[in-house]
Amino acid sequence: MTPTSGSSLDSARSVPYYLPVGDEVDLFFGAYADRTPVLLKGPTGTGKTRFLEYMAWKLRDADSGSPLPLTTVSCQEDLTAGDLLGRFLLEGDGTRWVDGPLTAAVRHGGICYLDEVVEARKDVMVVVHSLTDHRRFLPLAKLDQTLEAHPSFLLVISYNPGYQTSLKDLKHSTRQRFVAIEFGYADEATEAEILTHEGGASAALADSLAAMAGRLRRLNEEHLIEGPSTRLLVYAAQLIGRGVSARRACEVSIAAVVTDDPIARLAVDELISAFFPPGSGENDS
Ligand SMILES: Nc1ncnc2c1ncn2[C@@H]1O[C@H](COP(=O)(O)OP(=O)(O)O)[C@@H](O)[C@H]1O
Ligand SMILES: [Mg+2]
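Predicted model only: the values in this text are computed from it and were never measured.

S.K.: Any chance you could explain the overall build of the protein chain here in plain terms?
M.R.: Along its length, the protein chain carries 11 helices and 10 strands. Considering only C-alpha atoms, the protein chain reaches an extent of 70 × 45 × 40 Å along its principal axes. A separation of at least 24 residues holds for 71% of the contacts in the protein chain among residues at least 6 apart in sequence. Total accessible area computed for the protein chain in this model is approximately 14,300 Å², and 51% of it derives from carbon and sulfur atoms. In the protein chain, the 27 positive side-chain charges and the 39 negative ones have mean positions that sit 3 Å from each other.

This is the structure:
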C-alpha cells in the first residue's frame, strides 16, 4: 500500500487553522495562478502540511465551496514510480487498471503533495520531471497513454535539507523545476500564538515554551541534529493541559525526542530547568 491520505477537508467546511509566518500565502497563490510547481523546503513540524491544507481550502471552488482536493504521499525508500502511477489488478478472468494517487490527482485535479520526495526511489523523479515540463503530462507506459494534467492540478514536493546526505540530495536538475518556499521556525510571538490555539496553552505558558524553543534551537548547531519543532511544542502544551507537570511534559515531548546523546541531553535538560524550575511551573506542586 502506498501511504497516502486524501483530504478529509471535503466534509469540513471550516478553514484549517494556519498562522502565516511570512509571505508564503501570497507566494503560493502566485505560483498556483500559473500552476508553477512548488517545493516546500524546511524542517519537520514547521507547518508545511497544515499550510497546504489551508491553501487547498483557500483555493476552494467558488460554486461548490469544496476545497481543492489534496492528496499527500509520504515518500519512503520503497516507494516506486509504479506505486504513484497505478497498476493492473486481477479481476475475474482479466485485469483492471487502478490509478495510483498521483495519476488520480493528475486526472481529476487538485494538489498532489509528495512529502520528502528524495526518500523515494530514483524512478519517481522521472515522473516528477514530466509533470514539471510546461506541457504537464504524465506518461503511463503500462496503459500506453500520456495523460495531460487536469487544469486545477498542482505538484508540490517537500524536502528537508537538514536530513540529507549528499547521496540523498535533491538534484539540481529536479529542484530547478520548482519555486522553493522556505519554512522555518516561527518568531516567538507567532509561535506562542500557535501554541495557544493548537495546544490550549495559557498566554504565559505559550510565551515560556516559545522562548525556551528559541534557546534550544540555538543549541542546535553544537548539540542537536535538529531543534524542537512547533509540533513538539504543541505536544508539550497539550500534555500540560492534561495535568502533566511542565518539566515532565518538556522531557517527554522535547528532550527525549530531540537527542539520544547524554551530553546533549544534559544541556537540553538544563535549559528546560531554567524555564521551568522544579516546583514553580504549571501543574508543579
Ligand atoms: N504556522 C502554523 N500555523 C498553525 N499551526 C502550525 C503552524 N506551524 C506549525 N503548526 C502546528 O504544528 C503541527 C505540525 O505541523 P505540520 O504542518 O504537520 O508540519 P510539517 O508538515 O512541516 O512537518 C501542526 O499540526 C500545527 O499544530
Ligand atoms: Mg508534513
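S.K.: Even after reading the chapter, I still don't get the pairing of strand S2 (residues 38–41), so can you show me in this structure?
M.R.: Remark: a regular strand shows side chains that alternate across the two faces of the sheet. Across four bridges, S2 lies against strand S9 (residues 154–159) in parallel orientation. Within S9, the position partnered with Leu-39 by the bridge is Ile-157.

S.K.: Quick question: what am I supposed to make of the site of ligand 1 here?
M.R.: Contacts to ligand 1 come from 16 residues, most closely from Leu-19, Gly-45, Thr-49, Arg-50 and Glu-198. Between Arg-50 and ligand 1, the recorded distance is 2.8 Å, taken from a backbone N or O atom to an oxygen atom. Protein contacts shield 90% of the accessible area of ligand 1, which totals 560 Å² for the unbound molecule. At three residues, helix H2 (residues 48–58) tops the list of elements feeding residues into the shell around ligand 1. Split by residue class, the shell around ligand 1 holds six nonpolar, six polar and four charged. Of the domains in this structure, domain 1 (4–182) and domain 2 (188–275) are the two that each give at least three residues to the shell around ligand 1.

S.K.: When you look at the pattern of salt bridges in this model, what are you seeing that I'm missing?
M.R.: According to the stated counting rule, one finds nine salt bridges in the structure shown. A salt bridge links Arg-50 to Glu-53; the nearest nitrogen and oxygen atoms lie 3.7 Å apart. Placement of the pair is Arg-50 and Glu-53 together in helix H2, with a separation of three residues, close to one helical turn. Since its relative accessible area comes to 28%, Arg-50 is described here as partly exposed. Overall, the relative accessible area of 24% leaves Glu-53 in the partly exposed class. Measuring nitrogen to oxygen at the nearest pair gives 2.7 Å for the salt bridge that ties Glu-251 to Arg-248. Of this pair, Glu-251 and Arg-248 both sit in helix H10 (residues 246–258), separated by three residues, roughly a single helical turn.

S.K.: Whenever I open this one, the side chain of Glu-226 confuses me. Can you help?
M.R.: If you trace the backbone, Glu-226 turns up in the loop between helix H8 (203–223) and helix H9 (230–241). Within the buried core, Glu-226 has no salt-bridge partner, and the shortest N-O distance to an opposite charge, that of Lys-48, equals 7.9 Å.

S.K.: I tried to follow the nonpolar core on my own but got confused; where do I start?
M.R.: Note that soluble globular proteins tend to have their nonpolar side chains buried in a common cluster. Core analysis: the biggest nonpolar cluster contains 31 residues, and Leu-102, Leu-114, Leu-138, Phe-153 and Leu-155 have the highest contact counts within it. Those elements that place two or more of their residues in this core are helix H3 (81–85), helix H4 (101–108), strand S6 (111–115), helix H5 (123–132), strand S7 (137–140) and S9. The element best represented in this core is H5, accounting for five residues. Once residues within four sequence positions are removed from consideration, Leu-138 is found in contact with Leu-85, Leu-102, Thr-103, Val-106, Val-127, Ser-130, Leu-131, Gln-145, Thr-146 and Leu-147.

S.K.: What is the right way to look at the pairing of strand S5 (residues 94–99) in this model?
M.R.: Bridge count for strand S4 (residues 86–91) against S5 is six bridges, and the pairing is antiparallel. Residue pairing in the sheet places Leu-89 in a bridge with Arg-96 of S5. Between the end of S4 and the start of S5, which pair antiparallel, lie two residues, with Gly-92 showing a positive phi angle near 60°.

S.K.: I keep staring at the state of the cysteines and nothing clicks. Help me out?
M.R.: A covalent bond between the sulfur atoms of two cysteines is referred to as a disulfide. As enumerated under the stated definition, the model contains zero disulfides in all. Here Cys-75 stays unpaired: no disulfide links it, and the sulfur of Cys-112, its closest cysteine neighbor, is 8.6 Å away.

About the thresholds
Residues numbered from 1 in each chain as written. Chains lettered and ligands numbered in written order. Predicted model: local features only at pLDDT ≥ 70, side-chain atom pairs only at ≥ 80, totals over all residues. Heavy atoms only, no water. Helix = DSSP H or I, 4+ residues; strand = E, 2+ residues; numbered from the N terminus. Contact = heavy atoms within 4.5 Å. Areas by Shrake-Rupley, 256 points an atom, 1.4 Å probe, with all protein chains shown as cover. Lys, Arg positive; Asp, Glu negative; His and termini not counted. Charge placed at Lys NZ, Arg CZ, Asp CG, Glu CD. Pairing = 2+ DSSP bridges. Near = heavy atom within 4 Å. Polar contact = N/O pair within 3.5 Å; in protein donor to acceptor, adjacent residues only side chain to side chain. Nonpolar A, V, L, I, M, F, W, Y, C, P; charged D, E, K, R; others polar. Domains from an automatic or database assignment. Salt bridge = Lys/Arg side-chain N within 4 Å of Asp/Glu carboxyl O. Buried < 20%, exposed > 50% of the residue type's maximum accessible area, 1.4 Å probe, protein only. Core = buried A, V, L, I, M, F, W, Y, C linked by side-chain atoms within 4.5 Å. Disulfide = S-S within 2.5 Å.

That's the geometry; what it means functionally is another story.
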